[in-house]
Amino acid sequence: MHFYIDKTDFIREWWDGEDIVTLITRPRRFGKTLNMSMLNCFFSNKYAGRADLFEGLSIWNENKYRELQGVYPVLFLSFAGIKQTSFENTRRSINRLIADTCNQYNWLLTEGFFTDSDRKFFQDVTAEMNDDLAAVSLKKLCDWLYQYYGKKVLILLDEYDTPLQEAYVNGFWDESVAYISALFNNTFKTNPSLERAVLTGITMISKESVFSDLNNLTVNTTTSSQYAASFGFTEEEVFRAMTEQGFGEKEQADVKRWYDGFAFGNVKDIYNPWSVTYYLNEGKVGPYWANSSGNGLISHLLRRGSAEIKIQFEKLLYGKEIAVFIDEQIVYN
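1. Side note on the pattern of salt bridges
- Using the criterion set out here, one finds 17 salt bridges in the structure.
- For Arg 91, the salt bridge is made with Glu 88, and the minimal N-O distance between the two is 3.1 Å. With Arg 91 and Glu 88 both in helix H4 (residues 87–103) and 3 residues apart, the pair spans about one turn of that helix.
- Judged by relative accessible area, which is 10%, Arg 91 ranks as buried.
- Here the salt bridges do not stand alone but share partners, grouping Glu 88, Arg 91, Arg 92, Glu 128 and Asp 131 into one network.

Structure representation (structure tokens):
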């Protein structure tokens, strides 16, 4: 079974928003990585001439957007796999990711504008590089790409908060914040070769920590109206896919009862794509979303939280509801 739901309006909405650095937070399994991959395929010059990827989709209806396809150097990184239990291993893993990203462009070493100093810097970008070098490594790569292509760089960072959650749960928060803050400040703030950037995650970590210097950051959370229908499936999209697969009104009612659980901004009836996709494949409802990711933060909260927190969770387990005020910034300390 194959089906496709067109989310390319996200490209238009993000580009027209003209924000320099955009942070988008959504729950797990809501298509963040897929949308980031879509941005990469649309803008990256590695996909120049690949109009076939977008022909027939919403973004391709206007010529001004067609002219943007495949014209920018794009750095696409993901912290999804940075789940280490010590700071040294976390630091080494991020350094290795940066080094691997740089090595995709090792052909730059033969370019005439590359100086001996540039070559030494490039070769020093390894998993074992010191923190000062790591902090400016992506900024330096952006400078080189800008020099070569004559276009500033787009940076896409998926699941920025994964290593920070692990740092909190495993007790090395302060070291991780210092390291990642320096990296983010140089990459997303003091970077003249940056065109725009998008970060995704499940949480908005307090601006007093990793984002303290990023006054150019625009935050989009689940309560924001912007991009409200870009992550997750709307009810119309779900029912249309079900109809195409031969499911009727009874099955639609079952799916609504099981998976219609989210509202983003002013858009209600948002469905979790992971669960809907599994339903369409299996033909029956089930808790497909459960245990599809780590629950370290919840476990930590339940073990160390107040009695009131435990009472609230117990109410939820018994099928009751609770009403709470939402603080959209996570202050881990």
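2. Notes on the pairing of strand S1 (residues 21–25)
- The buried fraction of S1 is high, at 5 of 5 residues.
- Every second residue of S1 is oriented toward a common face, with Val 21, Leu 23 and Thr 25 on one face and Thr 22 and Ile 24 on the other, all of them buried.
- Pairing of S1 with strand S5 (residues 217–220), which is carried by 4 bridges, proceeds in the parallel orientation. Bridged to Leu 23 within S5 is Val 219.

3. What about the side chain of Asn 40?
- Along the chain, the position of Asn 40 falls in helix H2 (residues 32–43).
- Dropping the residues within four chain positions of it, Asn 40 is found in contact with Tyr 47, Val 74, Phe 76 and Leu 156.

4. Looking at the packing of aromatic side chains
- Counted according to the given criterion, the structure contains 34 aromatic pairs.
- The interplanar angle of 45° and the centroid separation of 5.3 Å between the aromatic rings of Phe 247 and Tyr 279 together place this pair among those described as tilted. Taken together, the positions of Phe 247 in the loop between helix H9 (235–244) and helix H10 (249–259) and Tyr 279 in helix H11 (residues 273–282) put the pair 32 residues apart, joining distant regions of the chain.
- Of the residues examined, Phe 247 reaches a relative accessible area of 18% and is grouped as buried.

Conventions adopted
Residues numbered from 1 in each chain as written. Predicted model: local features only at pLDDT ≥ 70, side-chain atom pairs only at ≥ 80, totals over all residues. Heavy atoms only, no water. Salt bridge = Lys/Arg side-chain N within 4 Å of Asp/Glu carboxyl O. Helix = DSSP H or I, 4+ residues; strand = E, 2+ residues; numbered from the N terminus. Buried < 20%, exposed > 50% of the residue type's maximum accessible area, 1.4 Å probe, protein only. Pairing = 2+ DSSP bridges. Contact = heavy atoms within 4.5 Å. Phe/Tyr/Trp six-rings, centres within 6.5 Å; stacked < 30°, edge-to-face > 60°.

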